[in-house]
Amino acid sequence: SLESIDFNGIREIRENLIISFNPKLKDLRSFSSLTTVGGIVLISTNNALTSLNGLENITSINSQRNEDEFGLVIVNNRNLSQCCDILSLLVNSATINGGFNILSNAPNCSSLNSIEMSCDPPITTCDLLSIIDIDFCSDPSIDLVATYLYKGNLYLGITASGLDAITEIIDCETGELFCLSSPIPLGGPEDCPFSLEEANLIEVISRKSECPGCGCGAIDPYTGIPYEEVCGSDGKTYASECAAACAGVTWTEGPCDDGEGITCGEITITPGTSNLTIKGAVGKDYFFKVYRTAPKWEYVFECTRKCGSEVIVENLSTGTYFVDVYNSSWKLICDDIEVIVSEEENCFCTQEVDPVCGKDGNTYGNKCEAACAGVEVAYDGPCVIDPPVECDCPIPGPLEVFRGVCGSDGKTYATPCDAECAGVTWTDGPCDEGGITCGEITVIPGIDQLTIRGTAGKNYFFKVHRTAPKWEYVLQCNVDCGSEITLDNLPSGQYFVDVYNSSWKLICDDIEVDLIAIGGVQDTHATSRSKQPILNGSDVTTSNFLVYPNPAHNSINIQMDKKEYSTAHIYITNHLGQTVKQLPFGQVNHNTISLESFSNGIYQVNVIVDGELIGKEKLVVIK
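Residues numbered from 1 in each chain as written. Predicted model: local features only at pLDDT ≥ 70, side-chain atom pairs only at ≥ 80, totals over all residues. Heavy atoms only, no water.

*Asks:* Help me understand the overall build of the protein in this model?
*Replies:* For the protein, the helix and strand inventory stands at six helices and 44 strands. Look at the contacts in the protein between residues 6 or more apart in sequence, and 53% of them connect residues 24 or more apart. Surface accessibility of the protein: about 32,700 Å² in total, with carbon and sulfur atoms responsible for 49%. (Helix = DSSP H or I, 4+ residues; strand = E, 2+ residues; numbered from the N terminus. Contact = heavy atoms within 4.5 Å. Areas by Shrake-Rupley, 256 points an atom, 1.4 Å probe, with all protein chains shown as cover.)

The structure is reproduced here in structure tokens:
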């Protein structure tokens, strides 16, 4: 574990230069004479390293190695924020055989783009704009005009409409054409040496979809020939590609076949008599799911293996169905396409939005949809739901033991009566509301602690960082982390959680969590915990401590023994562990505490003395 490296005077290293896992190493200044490294340069997981000063004079890296390997790798140095001295080295990437990989350092050094932006603030105005006399919105051949920054130079990009989407890249300094950029390389000398995705977008000057009326004409101004109609992904026919782009939809050539089905890109969905046909491009393989929400939410069809390009879903009752289509890589390409299926022949409706209320109490998208469902229209507009019935449910007294019940809607109710009044079934005990879910991951915040829990038996990797008072990781677990981890003794503040599966695929990205600390704990590292956890302790004493009424409406009283609790503070936390009210003992004992700002739910009253939890009581608020 090095604090410094003494390599002064060394000009060449013939093999690899690897500087890793040195938590006390702060700089690389002793390498200032180094010009050549025959192998790779790896700088990884040096948590105290703040600067790359000393590497700026290197002119050749990885000259002896395979080009398939990165020549320069700078990763996981969480406090590395000063990279400007190597900007010229990175930009002149021809000296780095195999290229470079920069990630997971402090934000200013997380990528080449971030280094360029922080070290060389871009010029944000292109002088050419003051001398170009073009109304971009009036020219239907132009889709986008924007300025881009690449390797310190500012360019004006003019992107043409249409499938080719060729962009003329003009040098803002000289006013000359620099290159032509296209999604498919043109294969000529004017091809750009970079893609638009590699450049920094500085400013959008004009975008066709944001122009008044989009400036779409019906006739090609260059040929005088009318534009061909196209079919939008919303099932509507547009006069031109420009008009479809103006509406913010993708499109396919030719008008929509309005008499047969609803189109979504290359997918056509055709409702029939008690059936539904979903058809894609011939020869391709898709996966299909069809569900409905009434009379209950349920899948009526799922095909997840060898589905081919077309399926027919039969024996469907009259109603509204929703179709999801995935390509062969399980990428969702059609999401919740709404279709009406009728038992009547030739019943097909457009996607016009003009809701009506049927006599069956259901809302239909338009009168046609109601007719297809065989339902008479009661009145125009969506159905008005009757106000909830007021229930006269008893409130438990202050000394009654209360646990609550969990409704089938996922909400906790004070009593079985309250759940039944809301029209839901219930199970005994409150709902498990103690965390933030992200797929199979649950993040459970507490007071000065944080638990991340996945599926039992699986292995994950966890990273937790904060951005204030400075950007720093408070946890990086990169090996044998298991399915659950707890961080203790965290100071108050906002934290961000990243979770990776066992293949290092990011499955939860920047889950935001707010924590509150008790007793001024400032250690930001996961350590063994010496004091009681606030939300999960089962052996906390609650003698001489009474909260009433409970459940409560707009206020509560807290009764405590003055000798035992004279130095206490009361923290009321919500189900996420966030403090919503904090009071000293003098404002609590035998005084009414207002709950006007509280919403319905389950809270916890915590009694803290000298940073230790010595009493807690669950509180239910019902307005």
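*Asks:* How should the sheet that holds strand β6 (residues 72-75) be read in this particular structure?
*Replies:* Whenever strands of a sheet pair, they do so through backbone hydrogen bonds, lying parallel or antiparallel. Within the open sheet, the four strands sit side by side as β2-β4-β6-β7. Their pairing is parallel. Looking at which strands have only one partner, the edges of the open sheet turn out to be β2 (17-20) and β7 (100-103). Ignoring strand direction, the axes of neighbouring strands in this sheet form an average angle of 5 degrees. (Pairing = 2+ DSSP bridges. Axes fitted to C-alpha atoms, helices over the stretch in contact; angles between N-to-C directions.)

*Asks:* It is not clear to me how the environment of G232 should be interpreted in this structure. Could you clarify?
*Replies:* With respect to the helices and strands, G232 occurs in strand β13 (residues 230-232). By relative accessible area, which is 1% here, G232 ends up buried. Distance from G232 to A244, taken between C-alpha atoms, is 6.1 Å for residues 12 residues apart in sequence. (Buried < 20%, exposed > 50% of the residue type's maximum accessible area, 1.4 Å probe, protein only.)

*Asks:* Which parts of the structure should I look at to understand the sheet that holds strand β14 (residues 237-238)?
*Replies:* Overall, antiparallel pairing links the three strands, which are arranged β14-β13-β15 in an open sheet. Looking at which strands have only one partner, the edges of the open sheet turn out to be β14 and β15 (251-253). Taken together, the two bridges between β13 and β14 define a ladder with antiparallel strand orientation. Residue pairing in the sheet places C231 in a bridge with T237 of β14.

*Asks:* Looking at this structure, how should I read the side chain of E472?
*Replies:* With respect to the helices, strands and loops of the structure, E472 is situated in strand β34 (residues 472-477). Exposure remark for E472: the relative accessible area of 11% places this residue in the buried category. Separated by 2.6 Å, the side chains of E472 and R466 make a polar contact. (Polar contact = N/O pair within 3.5 Å; in protein donor to acceptor, adjacent residues only side chain to side chain.)

*Asks:* What is the right way to look at the nonpolar core in this model?
*Replies:* General note: in soluble globular proteins, nonpolar side chains tend to be found buried as a group. L17, L28, F31, L52 and L55 are the most contacted members of the largest nonpolar core, which has 28 residues in total. The set of elements that each furnish at least two residues to this core consists of β2, β4 (41-44), β6, α1 (87-91) and α2 (112-119). Ignoring any residue separated from it by four or fewer positions in sequence, one finds L55 in contact with L28, F31, I43, I86 and L89. Residues V443, L450, V464 and Y500 belong to the second largest nonpolar core, which totals 24 residues. (Core = buried A, V, L, I, M, F, W, Y, C linked by side-chain atoms within 4.5 Å.)

*Asks:* Where do I start with the confidence of the model for the protein in this structure?
*Replies:* It should be kept in mind that the predicted coordinates are not to be read in detail where pLDDT is low. Within the protein, residue pLDDT values average 75, and 74% of them lie at 70 or more. Low pLDDT, under 50, characterises residues 518-543; the predicted model gives this stretch 70 contacts beyond four residues in sequence or across chains. (pLDDT = per-residue confidence, 0-100.)

*Asks:* What am I meant to see in the pattern of salt bridges here?
*Replies:* When charged atoms on two side chains of opposite charge get close, those side chains can pair. Across all of its chains, the model carries eight salt bridges by this definition. With a closest N to O distance of 2.7 Å, R292 and E298 form a salt bridge. R292 sits in the buried class, given a relative accessible area of 16%. On the accessibility criterion, E298 (22% relative accessible area) is partly exposed. Note that E376 is salt-bridged to K359, the shortest N-O span being 3.3 Å. Remark: K359 occurs in the loop between β24 (356-358) and β25 (363-364) and E376 occurs in the loop between α4 (367-372) and β26 (377-380); sequence separation between them is 17 residues. Residue E376 is classed as exposed on the basis of its relative accessible area of 56%. Classification of K359 as exposed rests on a relative accessible area of 57%. (Salt bridge = Lys/Arg side-chain N within 4 Å of Asp/Glu carboxyl O.)

*Asks:* I'm lost on the state of the cysteines in this one. Help?
*Replies:* Joining two cysteines, a disulfide is a covalent bond between their sulfur atoms. Under the definition given, this model contains five disulfides. Covalently, C303 is tied to C307 through a disulfide, its sulfur atoms 2.1 Å apart. Disulfide C303 to C307: torsion about the S-S bond roughly -115 degrees, handedness left-handed. For the pair formed by C303 and C307, the shared burial category is buried. The side chain of C477 participates in a disulfide bridge whose partner is C481; the two sulfur atoms lie 2.1 Å from each other. (Disulfide = S-S within 2.5 Å.)

*Asks:* Before we go on, may I ask you to explain a negative patch on the surface in this structure?
*Replies:* Residues E228, E229, E241 and E253 make up a contiguous surface patch of negative charge. Positionally, E241 belongs in helix α3 (residues 241-246). (Patch = residues over 30% accessible without salt bridge, like charges linked within 9 Å, V, L, I, M, F, W, Y side chains within 5 Å. Lys, Arg positive; Asp, Glu negative; His and termini not counted. Charge placed at Lys NZ, Arg CZ, Asp CG, Glu CD.)

*Asks:* It is not clear to me how the side chain of D498 should be interpreted in this structure. Could you clarify?
*Replies:* Take D498: it is sitting in strand β36 (residues 493-500). With sequence-adjacent residues up to four places away left out, D498 is seen in contact with F461, F462, K463, L506, C508, D509 and D510.

*Asks:* It is not clear to me how the packing of aromatic side chains should be interpreted in this structure. Could you clarify?
*Replies:* The description of an aromatic ring pair uses the distance of the two centres, along with the angle that the planes make with each other. Counting across every chain of the model gives 14 aromatic pairs. Between F598 and Y603, the ring centres sit 4.9 Å apart and the planes meet at 45 degrees, which makes this aromatic pair tilted. (Phe/Tyr/Trp six-rings, centres within 6.5 Å; stacked < 30°, edge-to-face > 60°.)

*Asks:* Can you walk me through the environment of G454 in this structure?
*Replies:* Relative to the helices and strands, G454 is located in the loop between β32 (450-453) and β33 (461-466). On the accessibility criterion, G454 (13% relative accessible area) is buried. In this structure, the C-alpha to C-alpha distance between G454 and G482, residues 28 residues apart in sequence, is 8.6 Å. Those residues in contact with G454 that lie beyond four places of it in its chain are E440, I441, Y460 and S483.

*Asks:* What exactly am I supposed to notice about the pairing of β33 here?
*Replies:* Note on strand geometry: in a regular strand, side chains alternate between the two faces of the sheet. The buried count for β33 comes to six of six residues, which makes it a mostly enclosed element. With burial as the criterion, each face of β33 is covered, one bearing F461, K463 and H465 and the other bearing F462, V464 and R466. As paired elements, β33 and β36 share five bridges and run antiparallel to each other. Bridge pairing in β36 links H465 to F496. In this sheet, β34 lies alongside β33 in antiparallel orientation, the contact comprising five bridges. Bridge assignment links V464 to a residue of β34, and that residue is L475.

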